[in-house]
Amino acid sequence: MSKNEFVCDCNCIHEEQVAKAIAAMPESAVLEQLAKFYKMIGDSTRCKILFALSESPMCVCDLANVLSMTKSAISHQLSKMRECNMVRCEKIGKEVYYQLDDHHVSAIFELSLMHIKHHKEEQQ
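What you see is a predicted model, and the numbers here were worked out from it, not measured in a lab.

Overview of the overall build of the protein
Part 1 of the argument: Along its length, the protein carries 6 helices and 3 strands.
Part 2 of the argument: Over its C-alpha trace the protein gives a radius of gyration of 20 Å, far above what one expects of a compact globule, namely 14 Å for 124 residues.
Part 3 of the argument: Each principal axis of the C-alpha atoms in the protein carries an extent, and together these give about 65 × 40 × 20 Å.
Part 4 of the argument: Partitioning the intrachain contacts of the protein with sequence separation of at least 6 by distance along the chain shows that 47% fall at a separation of at least 24.
Part 5 of the argument: Working note: accessible area of the protein is about 9,700 Å², and carbon and sulfur atoms make up 55% of it.

Spelled out as structure tokens, the structure:
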């Protein structure tokens, strides 16, 4: 396919579709938060953390062991992830356990993973 096959040649505006998209468009602040959320997922280390936490809650020591990283590096990533409401923590005695913030994070991550696997299977 040539690049020009993806360019619209008409000069008309489909007013109904444009009006519908404008009416449904979230506020800029919401879209900025969404972009920040996806930017957080856009890091392979954070993806590994999300995957590990989708299996079960874990402390920093556990995550460091799973990812073969230092506790400091894991803590740094978890701090960023907490700011984006991707993970939350619970202190039990001296240990702090991290888990996915809610089912939305889990669903987004699982759906994204399914999408990637689907396209990978199609290419084989």
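Thoughts on the packing of helix 4 (residues 60-67) against helix 5 (residues 71-83)
Part 1 of the argument: Closest axis-to-axis distance for the helix 4/helix 5 pair is 9 Å, and the angle between their directions is 110°. As judged from the angle between their axes, helix 4 and helix 5 are roughly perpendicular. Of the residues in helix 5, those touching helix 4 at Val-60, Cys-61, Leu-63, Ala-64 and Leu-67 are Lys-71, Ile-74, Ser-75 and Leu-78.
Part 2 of the argument: The residue makeup of the contact of helix 4 with helix 5, split by class, is 7 nonpolar, 1 polar and 1 charged.

Focus: helix 2 (residues 28-41)
Part 1 of the argument: Between the first and last C-alpha of helix 2 there are 20 Å, a value that for 14 residues agrees with the 20 Å anticipated at 1.5 Å per step.
Part 2 of the argument: Those residues of helix 2 lying buried are Phe-37, Met-40 and Ile-41. Projected down its long axis, helix 2 carries its buried residues within an arc of 105°, all on one side. Exposed residues on helix 2 whose side chains face more than 90 degrees from its buried face are Ser-28, Glu-32 and Lys-39.
Part 3 of the argument: Buried residues along helix 2 sit against helix 3 (44-55), helix 5 and helix 6 (103-123).

Some words on the packing of aromatic side chains
Part 1 of the argument: Within the structure shown, the criterion is met by 1 aromatic pair.
Part 2 of the argument: Judged by centre distance (5.8 Å) and plane angle (85°), the ring pair of Phe-37 and Tyr-38 falls under edge-to-face.
Part 3 of the argument: The class for Phe-37 is buried, based on a relative accessible area of 11%.

Concerning the nonpolar core
Part 1 of the argument: Residues Leu-53, Leu-78 and Met-86 are the most contacted members of the largest nonpolar core, which totals 22 residues.
Part 2 of the argument: Going through the elements one at a time, helix 2, helix 3, helix 4, helix 5, strand 3 (95-100) and helix 6 are the ones with two or more residues in this core.
Part 3 of the argument: Beyond its immediate stretch of four places on either side in the chain, Leu-53 contacts Met-58, Leu-63, Leu-78, Val-87, Tyr-98, Gln-99 and Leu-100.

Quick word on the pairing of strand 3
Part 1 of the argument: Taken together, the 2 bridges between strand 1 (residues 58-59) and strand 3 define a ladder with antiparallel strand orientation. Following the sheet pairing, Met-58 is matched in strand 3 by Tyr-98.
Part 2 of the argument: Between strand 2 (residues 87-92) and strand 3, which pair antiparallel and follow one another directly, the connecting turn spans 2 residues, one of which, Gly-93, has a positive phi of 65°.

Regarding the side chain of Gln-77
Part 1 of the argument: Within the secondary structure, Gln-77 sits in helix 5.
Part 2 of the argument: Judged by its relative accessible area of 12%, Gln-77 is buried.
Part 3 of the argument: Setting aside its immediate chain neighbours within four residues, Gln-77 contacts Asp-43, Thr-45, Arg-46 and Ile-49.

The rules we used
- Residues numbered from 1 in each chain as written.
- Predicted model: local features only at pLDDT ≥ 70, side-chain atom pairs only at ≥ 80, totals over all residues.
- Heavy atoms only, no water.
- Helix = DSSP H or I, 4+ residues; strand = E, 2+ residues; numbered from the N terminus.
- Rg over C-alpha atoms; globule rule 2.2 N^0.38 Å.
- Contact = heavy atoms within 4.5 Å.
- Areas by Shrake-Rupley, 256 points an atom, 1.4 Å probe, with all protein chains shown as cover.
- Axes fitted to C-alpha atoms, helices over the stretch in contact; angles between N-to-C directions.
- Parallel < 35°, antiparallel > 145°, perpendicular 65-115°, else oblique.
- Nonpolar A, V, L, I, M, F, W, Y, C, P; charged D, E, K, R; others polar.
- Expected span 1.5 Å × (residues − 1).
- Buried < 20%, exposed > 50% of the residue type's maximum accessible area, 1.4 Å probe, protein only.
- Arc of directions from axis to C-beta.
- Phe/Tyr/Trp six-rings, centres within 6.5 Å; stacked < 30°, edge-to-face > 60°.
- Core = buried A, V, L, I, M, F, W, Y, C linked by side-chain atoms within 4.5 Å.
- Pairing = 2+ DSSP bridges.

The values are spatial; any link to function lies outside them.
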